[in-house]
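Summary of the model geometry
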Amino acid sequence: MSHLDAPSIIRTKRDGGVLSDSAIDWVIDGYTHGRVADEQMSALLMAIFLRGMTPAEIARWTAAMVGSGERFDFTDLRRDGQPLALVDKHSTGGVGDKITIPLLPVVMACGASVPQAAGRGLGHTGGTLDKLEAIPGFTAELSKAQIRQQLRDIGAAVFAAGELAPADRKIYALRDVTATTESLPLIASSVMSKKLAEGARSLVLDVKVGRGAFLKTEAESRELAATMVDLGNANGVPTRALLTDMNCPLGRTVGNAVEVAESLEVLAGGGPSDVVALTVALAAEMLDAAGIDGVDPADTLRDGSAMDRFRALVAAQGGDLSRPLPIGAACETVTAPRSGLMGDIDAMGVAMAAWRLGAGRAQPGEPVQFGAGVRIHRRPGEPVAAGEVLFTLHTETADRLPAALAELDGCWTVGDAASAPRPLIIDRIG
């Protein structure tokens, strides 16, 4: 394949052409191993961003990224003499989206096993690992032997993607600094390369729609969901997607430790109704995809079995739930200017406030504040009294509070009538 070169491949896509399988394989391998320079891959990413990709190109790009590293295989693992029902879920990222934390133990308690390669957040969406690492002692740096043991013995492992799809890790970092993040082919291939490499036998996607979502329009989110479902199915991993609303934050907390605390409420049989509803809906999809029937995932929240599974998972990964979760010492509140009903809360405004408080990061590798975040005391449609606290902001860094308050300003209302409720689950694809 020595006849291939980066400028020719860039030129082909720049001019609207279709990249050959061999060109895609060559450029992904070359970039992974340092033969293709950052500036060359940056130019190609911008060309893809502007020109798009055919379904066949996206499929080959994804396969090449999967092939850039190890692909886990857990098909030999048995429990009680039976192969494990291996299923995973991925969310495209939302505001207050702590669903993975209660969802995994619910699915574990119903008999499935979840190998979850999870990420750290960048920008306004918090990563699952950032949230779980707020639990004192919790680690996601697991050896392959430990991942296998946890899947067999307790039914889940949450681990940093590590050597899975190393091409994606390099390209993801480059997309972030070259304004090529919001490209549908690049999002789909990034998500699916890691998920196809992690060893799940089936996959459920939670694709967010609305103001706090990665892609803002329902049409774009629908196209992304369909693309990812097709990629999974084409690679032998049966995949389906739910389109879910992300105009308003999920639940009553946005941050890291505050979202873990809310997840523990859900696992204890309480918690916000939207978090519970989405957890149960996604669990039902995962169990169906894994071929497990005759169990009601909601029962595991009522009878405490999901909480038991969560405690086992946290303990296996070094976490100590008996120690208090961190909470930012500097605190500010926002109060209601009048009585009435809580109007819409703009998910992106709350997300940016949490980010300003230190709950997210601006650069890959930056530390996050586990104790930073926003508590939402009144959800849309709930009655409000004048002077009542609507939001509480927490941070370790008091000088971050003014900027966070400014982000929150104007992203909520109190009025005389409630806005029309939106369905949490918009559609199912696949």
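Residues numbered from 1 in each chain as written. Predicted model: local features only at pLDDT ≥ 70, side-chain atom pairs only at ≥ 80, totals over all residues. Heavy atoms only, no water.

**So, helix H5 (residues 100-109)**
Helical geometry: 3.6 residues make up each α-helical turn, so side chains three or four residues apart lie on a common side. Here H5 lies mainly inside the structure; nine of its ten residues are buried. Every buried residue belonging to H5 is among Thr-100, Ile-101, Pro-102, Leu-103, Leu-104, Pro-105, Val-106, Val-107 and Met-108, and all of these are buried. Positive backbone phi, at 105°, marks Gly-111, one or two positions downstream of H5. (Buried < 20%, exposed > 50% of the residue type's maximum accessible area, 1.4 Å probe, protein only. Helix = DSSP H or I, 4+ residues; strand = E, 2+ residues; numbered from the N terminus.)

**Things to note about the side chain of Ser-42**
Along the polypeptide, Ser-42 turns up in helix H3 (residues 38-51). Relative accessible area serves as the criterion here: at 17%, Ser-42 is assigned to the buried category. At 2.7 Å, the side chain of Ser-42 and the backbone oxygen of Asp-38 are in polar contact. (Polar contact = N/O pair within 3.5 Å; in protein donor to acceptor, adjacent residues only side chain to side chain.)

**Remarks on the sheet that holds strand S12 (residues 383-384)**
If you walk across this open sheet you meet the three strands as S12-S10-S14, and the pairing is antiparallel. At either end of the open sheet lies a strand with only one pairing partner, and these are S12 and strand S14 (412-415). Pairing of strand S10 (residues 340-345) with S14, which is carried by three bridges, proceeds in the antiparallel orientation. Opposite Met-342, over in S14, you have Val-414 as the bridge partner. (Pairing = 2+ DSSP bridges.)

**Thoughts on the layout of surface pockets**
As a volume, the second largest pocket reaches approximately 360 Å³. Around the second largest pocket, the lining comprises 17 residues; the ones closest to its centre are Cys-248, Arg-379, Pro-380, Pro-421 and Arg-422. Class assignment for the residues of the lining of the second largest pocket results in nine nonpolar, three polar and five charged. (1 Å grid on protein atoms, 1.4 Å probe; cavity = no way out; pocket = protein on both sides within 12 Å on 5 of 7 lines; lining within 4 Å. Points joined across faces, edges and corners; volume = space filled by probe spheres on them. Nonpolar A, V, L, I, M, F, W, Y, C, P; charged D, E, K, R; others polar.)

**Quick word on the pattern of salt bridges**
According to the stated counting rule, one finds 32 salt bridges in the structure shown. A salt bridge links Asp-76 to Arg-148; the shortest N-O distance between them is 2.5 Å. Of this pair, Asp-76 sits in the loop between helix H4 (55-66) and strand S1 (78-79) while Arg-148 sits in helix H7 (residues 144-153); the two residues are 72 residues apart in sequence, bridging distant segments of the chain. According to the relative accessible area criterion, Asp-76 is partly exposed, its value standing at 46%. The closest approach of N and O atoms between Glu-198 and Lys-195, which form a salt bridge, is 3.4 Å. A relative accessible area of 0% means that Glu-198 is categorised as buried. Several salt bridges share partner residues, and in doing so they unite Arg-240, Glu-285, Asp-288 and Arg-428 into one network. (Salt bridge = Lys/Arg side-chain N within 4 Å of Asp/Glu carboxyl O.)

**Remarks on a nonpolar patch on the surface**
On the surface, Met-46, Phe-49 and Leu-50 cluster together into a nonpolar patch covering about 270 Å² of accessible area. Tracing the sequence through the fold places Phe-49 in helix H3. (Patch = residues over 30% accessible without salt bridge, like charges linked within 9 Å, V, L, I, M, F, W, Y side chains within 5 Å. Areas by Shrake-Rupley, 256 points an atom, 1.4 Å probe, with all protein chains shown as cover.)

**Here we look at the packing of aromatic side chains**
Summed over all chains, the structure comprises three aromatic pairs. Members of the aromatic cluster, connected to one another through ring pairs, are Phe-72, Phe-74 and Phe-159. Above the face of the Tyr-31 ring, Lys-170 is positioned so that its terminal group lies 4.3 Å from the ring centre. (Phe/Tyr/Trp six-rings, centres within 6.5 Å; stacked < 30°, edge-to-face > 60°. Lys NZ or Arg CZ within 6 Å of the ring centre and 35° of its normal.)

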